[in-house]
Amino acid sequence: MNTQVAIIGAGPSGLLLGQLLYKAGIDTVILERQTPEYVLGRIRAGVLEQGTADLLREAGVSERMDREGLVHEGVELLVAGRRQRLDLKGLTGGKTVMVYGQTEVTRDLMQAREASGAPIIYSASNVQPHELKGERPYVTFEKDGQTHRLDCDYIAGCDGFHGVSRKSIPEGVLKEYERVYPFGWLGMLSDTPPVNHELIYAHHERGFSLCSQRSQTRSRYYLQVPLEERVEDWSDERFWNELKARLPADVAQQLVTGPALEKSIAPLRSLVVEPMQYGHLFLVGDAAHIVPPTGAKGLNLAASDVNYLYRILVKVYREGRTDLLEQYSPLALRRVWKGERFSWFMTQLLHDFGEHKDAWDQKMQEADREYFLTSPAGLVNIAENYVGLPYEEVA
Ligand code: APR
Ligand code: PHB
């Protein structure tokens with residue numbers, strides 16, 4: 001078997017890259033370890049930057065997003081009992097975000113792949129990239145008990161944090177930067193109308209909470225919890241009561257409760273590896289970086305990497321611009337680091353660190369809250385990062 005670009009992983013990164021390259025007439029094969037049902041069963045965030053939504057439009061997969069997605073022109077921050085609306089549109093010269101779940105993005109991309117007829121192999125096991133530094137890289141994998149070899153020009157490692165791509169780079173090549181946080185997020189999904197028409201990020205001495213949504217009838221809520229917490233100990237009733245206790249009385253009163261469709265706990269972590277290229281292998285999305293969810297940047301940074309790699313590969317195949325390949329990692333990383341900074345900053349700003357912050361750092365956190373939420377420049381700073389910083393040109 002052979003192709004131009006072998007894509008490992010069928011999460012949003014791999015599927016979006018595959019779809020954009022298909023539209024550009026570049027051949028790809030996508031290899032995914034799991035079944036499509038398993039991939040669609042994962043519940044992840046749901047806020048798309050304008051640049052991400054535009055890239056989905058360019059890929060030709062935006063029809064349902066533009067019909068069912070909710071355009072949000074603002075977001076609320078709740079600190080010290082004060083509700084502060086960030087007028088995203090007004091503060092950024094007209095930019096907005098799109099509330100549309102990652103699961104739905106993935107579903108639309110899977111359908112587009114199917115319709116295109118381009119190959120995608122699910123339940124591929126033992127996927128292994130080879131000859132990354134040589135002229136003829138290839139990927140081996142097993143499917144239905146048979147071993148296969150896929151020859152290619154380039155490999156896109158879109159296989160997430162636990163994937164094989166990053167691990168196949170020899171030790172000592174990558175530099176890893178990491179920050180772990182002393183808490184996690186307990187998330188719950190329910191078929192109840194959202195408590196507010198915009199998202200609410202709430203700081204409280206009992207801990208952070210987030211009121212998000214998937215549609216006008218489906219809510220997604222999160223609570224900051226200690227890392228040792230177990231999801232079995234959180235009945236629906238306990239979850240709703242704790243959420244109400246962290247919200248101001250007027251908001252809590254409006255909260256419509258109901259049975260949980262899903263509950264899970266995820267630790268918070270920041271991680272970046274540099275560089276994002278090794279020979280003919282390019283790392284994309286969660287394979288190269290993880291953010292805490294506070295800034296809603298995970299999927300958006302994945303889309304940003306895809307944007308750069310796609311534009312570079314098109315110039316490589318159409319104009320012979322192989323010189324651009326080495327630009328991928330620095331271009332992608334410049335934007336990744338800004339997304340990492342914002343996600344780290346929002347996490348610092350809004351969570352309760354308890355004894356994990358000393359008295360000085362707690363005062364700095366308070367001063368940041370006071371400054372960023374009252375100064376026009378502070379509000380612009382948060383807003384322009386939240387809607388997404390611009391992409392650089394690939395030239
Ligand atoms: N072989 C083949 N596929 C693999 C392998 C492997 N060895 N390891 C992992 N995969 C697959 C996973 O099953 C998954 O479907 O790669 C895919 C990676 O998808 P994601 O983890 O969703 O990563 P990515 O596509 O980069 O999307 C980033 O997802 O995790 C969120 O917050 C993140 O929203 C962001 C987005
Ligand atoms: C979500 O809806 O799941 C969500 C929204 C915003 C975030 C994180 C998660 O910052």
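Residues numbered from 1 in each chain as written. Chains lettered and ligands numbered in written order. Predicted model: local features only at pLDDT ≥ 70, side-chain atom pairs only at ≥ 80, totals over all residues. Heavy atoms only, no water.

Participant: Before we go on, may I ask you to explain the overall build of the protein chain in this structure?
Facilitator: Scanning the protein chain from terminus to terminus reveals 12 helices and 20 strands. Relative to a compact globule of 395 residues, whose C-alpha radius of gyration would be 21 Å, the protein chain shows 21 Å and is just as compact. Relative to all contacts within the protein chain whose residues are 6 or more apart in sequence, the contacts with residues 24 or more apart total 71%. A total of about 17000 Å² of accessible surface is found on the protein chain, and carbon and sulfur atoms cover 48% of it. (Helix = DSSP H or I, 4+ residues; strand = E, 2+ residues; numbered from the N terminus. Rg over C-alpha atoms; globule rule 2.2 N^0.38 Å. Contact = heavy atoms within 4.5 Å. Areas by Shrake-Rupley, 256 points an atom, 1.4 Å probe, with all protein chains shown as cover.)

Participant: Explain the packing of aromatic side chains to me, please; I cannot follow it from the model alone.
Facilitator: Where two aromatic rings form a pair, the distance of their centres and the angle of their planes describe that pair. Taken as a whole and judged by the stated rule, the model has 15 aromatic pairs. Summarising the aromatic geometry, the rings of Y154 and Y317 are spaced 6.2 Å apart at their centres and angled 80° between planes, so their arrangement reads as edge-to-face. Within this pair, whereas Y154 is found in strand β12 (residues 154-157), its partner Y317 is found in helix α9 (residues 298-319), the two being separated by 163 residues in sequence. Taking 6.3 Å as the distance between ring centres and 40° as the angle between the ring planes, the aromatic pair formed by Y201 and F208 counts as tilted. By relative accessible area, F208 is classed as buried at 0%. An aromatic cluster of at least three residues, connected via ring pairs, comprises W185, Y201, F208, Y222 and Y386. One cation-aromatic arrangement involves K175 over Y177; the distance from NZ or CZ to the ring centre is 4.9 Å. For the cation-ring pair, R341 lies above F345, with the distance from its terminal atom to the ring centre recorded as 5.6 Å. (Phe/Tyr/Trp six-rings, centres within 6.5 Å; stacked < 30°, edge-to-face > 60°. Buried < 20%, exposed > 50% of the residue type's maximum accessible area, 1.4 Å probe, protein only. Lys NZ or Arg CZ within 6 Å of the ring centre and 35° of its normal.)

Participant: So what exactly am I meant to see when it comes to the sheet that holds strand β19 (residues 281-283) here?
Facilitator: In a beta sheet, neighbouring strands pair by backbone hydrogen bonds and run either parallel or antiparallel. Taken in spatial order, the six strands of this open sheet run β8-β2-β1-β12-β19-β18, and their pairing is mixed. At either end of the open sheet lies a strand with only one pairing partner, and these are β8 (120-121) and β18 (277-278). Here strand β2 (residues 28-31) runs beside β8; their pairing, made up of two bridges, is parallel. Looking at the pairing, L31 lines up with I121 of β8. Against the sheet, helix α1 (residues 12-23) touches β1 (5-8), β2, β8 and β12, its axis set at about 165° to β2. (Pairing = 2+ DSSP bridges. Axes fitted to C-alpha atoms, helices over the stretch in contact; angles between N-to-C directions.)

Participant: Please clarify how helix α12 (residues 376-387) should be interpreted in this entry.
Facilitator: Given 3.6 residues per helical turn, the α-helix brings residues three or four places apart onto the same face. The end-to-end C-alpha separation of α12 is 16 Å, in line with the 16 Å expected for 12 residues at 1.5 Å each. Listed as buried for α12 are G378, L379, I382, A383, N385, Y386 and V387. Its side-chain oxygen at 3.1 Å from the backbone nitrogen of A377, S375 defines the N-terminal cap of α12. Positioned one or two residues after α12, G388 has a phi angle of 110°, which is positive. (Expected span 1.5 Å × (residues − 1). Polar contact = N/O pair within 3.5 Å; in protein donor to acceptor, adjacent residues only side chain to side chain.)

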